[in-house]
Amino acid sequence: MAIVHPVLNPYSLASLERARQYLKRPDSVVSDTEEEVIILGLNAIPGLFEGEVGRKLACRTYRNAVTISCTATVNTTTLTAASGLLALKTLDDAVGVNLAIGSRVASITSDTALGLTKQAGASGAASVTFGSEPLVVDGTGTQEVYLPARPVVEVYGVKSVDGLGVKTALDLTSSRLDKKTGRLVLMSDVFPRGSLNIEIEAKAGYREPTTTDRGDWEGWSRLEGLCLRAVAVMFQDFDTMAGRTGELSLATATMKIMDFKLPEDIREGLRQFAQPW
């Protein structure tokens, strides 16, 4: 049976390099087994943290999925198509047979070319599905709603959905958005009252600062610190086999993490990120 190595979660709250540094396990020291344990820990932590606070944390897009025929070239991040790529957004998930697991849109060059966050695993033309699904909230019958994901980077569009599934775009002209709280106020329309009848396409979540994106210094730094602390506890458990039993099954592998429970200091640090409603 072929060995399946874990792939780093695209929504990880810390990079593999930062985790190695934190654990004092540089490339020249870390073993293959230790690196897999670190990756599996980084992969597990977003789910553990999000379960604790009741919402998603790392930045991503929430958009209706679209499928486009694209051509990939092995060991490059470039993806080409006949047209249609300008309708996509950076950080859209990208899923296709020639692509690496966890690929997302890194940049959009033109209507016919874009860059991915990971190199393609094979060359060839195939259908690629971009996006995931929109945010869905209850219509309030007023001009305001709260997005369940925050901080909000940008709102791309809002639609109401009637009982027959017919979608109607709502007017975002001059709308107001409190990015920190996710409060969206329409100036020229209302959100029809209903249950889960409002679809919102948006980009939201905490972003790591880069040379091209100012990101969320305060929030991301705190989340990264909590993530690295959790990785250290998991790694220590693995290293010492501290007697607790249990295992965690992930998409690509299984790691015994000793029935891991978040330490109280990490849980305390996460309380500021908890969903307030």
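Above: the structure in question.
A separate point is the overall build of the protein chain. Regarding its fold elements, the protein chain presents four helices and 16 strands. Counting only residues that meet the buried cut, the protein chain has 43% of its 277 residues in that class. The contacts of the protein chain with a sequence gap of at least 6 include a subset with a gap of at least 24, amounting to 69%.

A few words on unusual backbone geometry. Cis rather than trans, the peptide bond between arginine 150 and proline 151 has omega equal to -5°. The residue proline 151 is located in the loop between strand 9 (144-146) and strand 10 (152-161) in this model. Look at asparagine 75: it is not a glycine, yet its phi comes out positive at around 65°. Checked against the element boundaries, asparagine 75 lands in the loop between strand 2 (66-72) and strand 3 (78-81). Unlike most non-glycine residues, serine 174 shows phi in positive territory, near 60°. The class for serine 174 is exposed, based on a relative accessible area of 54%.

Across the sheet, three strands lie side by side as 9-13-12; this open sheet has antiparallel pairing. Whereas interior strands pair on both sides, the edge strands pair on one side only; in this sheet they are strand 9 and strand 12 (176-178). If you compare each strand with its neighbour and ignore which way they point, the axes differ by 15° on average. Relative to strand 13 (residues 183-185), strand 9 is paired through three bridges, and the arrangement is antiparallel. Looking across to strand 13, one finds that tyrosine 146 is bridged to arginine 183.

What follows deals with the sheet that holds strand 7 (residues 124-130). Pairing within the open sheet is antiparallel, and its six strands lie in the order 4-7-2-3-6-5. Since the sheet does not close on itself, it has two edges, and those belong to strand 4 (94-95) and strand 5 (105-110), each with one partner.

In this section: the pairing of strand 6 (residues 113-116). Here strand 6 shows two buried faces, one formed by Ala113 and Gly115 and the other by Leu114 and Leu116. Bridge analysis of strand 3 against strand 6 gives three bridges, and the strand direction is antiparallel. Bridging across to strand 6, threonine 78 finds its partner in glycine 115. Across four bridges, strand 5 lies against strand 6 in antiparallel orientation. Paired with isoleucine 108 across the two strands is leucine 114, which belongs to strand 6. Here strand 5 hands over to strand 6 after two residues, the two strands then running antiparallel side by side.

Thresholds, definitions, all that
Residues numbered from 1 in each chain as written. Predicted model: local features only at pLDDT ≥ 70, side-chain atom pairs only at ≥ 80, totals over all residues. Heavy atoms only, no water. Helix = DSSP H or I, 4+ residues; strand = E, 2+ residues; numbered from the N terminus. Buried < 20%, exposed > 50% of the residue type's maximum accessible area, 1.4 Å probe, protein only. Contact = heavy atoms within 4.5 Å. Pairing = 2+ DSSP bridges. Axes fitted to C-alpha atoms, helices over the stretch in contact; angles between N-to-C directions.

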